[in-house]
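# Chain and residue survey
Listed here are the chains, written in short residue letters.
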Amino acid sequence: MRALILDDEPLVLSVLQRLLVHRGYDVVTYPDVASCPLFFGDRCPCSGTAKCPDVILADLNMPDVNGVQFVRKLQRKGCKCRNIAVMSGGWTAESLQQVSRLGVSIFAKPFHLQGLESWLGSAEGSIAGPPVQSIRELPI
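Scope of this entry: the structure provided in the associated data block. (Residues numbered from 1 in each chain as written. Predicted model: local features only at pLDDT ≥ 70, side-chain atom pairs only at ≥ 80, totals over all residues. Heavy atoms only, no water.)

Here we take up helix 4 (residues 113-125). Across its 13 residues, helix 4 extends 18 Å between first and last C-alpha, which sits within 8% of the 18 Å expected from 1.5 Å per residue. Those residues of helix 4 that sit buried are Leu116, Glu117, Trp119, Leu120, Ala123 and Glu124. Take helix 4 and look down its axis: the buried residues cluster within an arc of 160 degrees, on one side only. For helix 4, the exposed residues lying more than 90 degrees away from the buried face are Gln114, Ser122 and Gly125. Along its buried surface, helix 4 packs onto helix 1 (10-22), strand 3 (55-59), strand 4 (84-88) and strand 5 (105-108). (Helix = DSSP H or I, 4+ residues; strand = E, 2+ residues; numbered from the N terminus. Expected span 1.5 Å × (residues − 1). Buried < 20%, exposed > 50% of the residue type's maximum accessible area, 1.4 Å probe, protein only. Arc of directions from axis to C-beta. Contact = heavy atoms within 4.5 Å.)

Structure below.
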């Protein structure tokens, strides 16, 4: 399983990376959209040999390009990832509406591990692969 995490908060990147690696993911992190190669170009760069991530977690409030803009661009490009979530510690009614229209999952910061684990379990169940360990088993 492959995961892409975008967040400008180093602590969030680090914790999410550790959690996902513990579950068996190959994780790539970016502190901003400008450093993420998946964002650039007019077409999804994934092909038969390079596949889209299985899971994408993007922060809503990032410098330059926010999570909504990032997800919209991925969708326009035909990204095949079906397990995308946008996370934020500062949701407003307007931002919740914008993200809801994208058809992706929504997480509040700080995370409730049970909700995140449930979402990851659903994502993993939709993609064939070996069983994963529970996030609760990870010593933090």
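According to the stated counting rule, one finds 0 disulfides in the structure shown. Cys79 supplies the cysteine sulfur nearest to Cys36, a cysteine that is in no disulfide, at a spacing of 9.6 Å. For Cys36, a relative accessible area of 1% translates into the label buried. (Disulfide = S-S within 2.5 Å.)

Turning next to the environment of Tyr30. Within the secondary structure, Tyr30 is located in strand 2 (residues 26-30). Relative accessible area serves as the criterion here: at 17%, Tyr30 is assigned to the buried category. Between the alpha carbons of Tyr30 and Leu6 there is a distance of 4.9 Å; along the sequence they are 24 residues apart. Setting aside chain neighbours within four positions, we find Tyr30 in contact with Leu4, Ile5, Leu6, Asp7, Leu13, Ser35, Cys36 and Pro37.

Moving on: the sheet that holds strand 2. Read across the sheet, 5 strands follow the order 2-1-3-4-5 without closing on themselves; strand pairing throughout is parallel. Only two strands of the sheet have a single partner each, and these edge strands are strand 2 and strand 5. Within the sheet, the average angular offset between the axes of one strand and its neighbour, ignoring direction, is 20 degrees. Of the strand pairs in this sheet, strand 1 (residues 2-6) and strand 3 are connected by 4 bridges, and their pairing is parallel. (Pairing = 2+ DSSP bridges. Axes fitted to C-alpha atoms, helices over the stretch in contact; angles between N-to-C directions.)

Okay, the pairing of strand 3 next. Taken across its 5 residues, strand 3 has 5 buried, putting it largely inside the fold. Side chains Val55, Leu57 and Asp59 project from strand 3 onto one buried face, and the interleaved Ile56 and Ala58 project onto a second face that is buried too. On the question of chirality, the crossover connecting strand 3 to the parallel strand 4 by way of helix 2 (residues 67-77) is right-handed. (Right-handed = clockwise from strand over helix to strand, strands pointing away.)

On to the packing of helix 2 against helix 3 (residues 93-102). Direction vectors running N to C along helix 2 and helix 3 enclose 15 degrees, while the axes themselves pass 10 Å from each other. On the basis of the axis angle, helix 2 is roughly parallel to helix 3. The two elements helix 2 and helix 3 cross, and the hand of that crossing is left-handed. Side by side, helix 2 and helix 3 meet where Val68, Val71, Arg72 and Gln75 of the first sit next to Gln98, Val99 and Leu102 of the second. For the contact of helix 2 with helix 3, the class distribution of residues is 4 nonpolar, 2 polar and 1 charged. (Parallel < 35°, antiparallel > 145°, perpendicular 65-115°, else oblique. Left-handed = near helix turned anticlockwise from the far one by under 90°. Nonpolar A, V, L, I, M, F, W, Y, C, P; charged D, E, K, R; others polar.)

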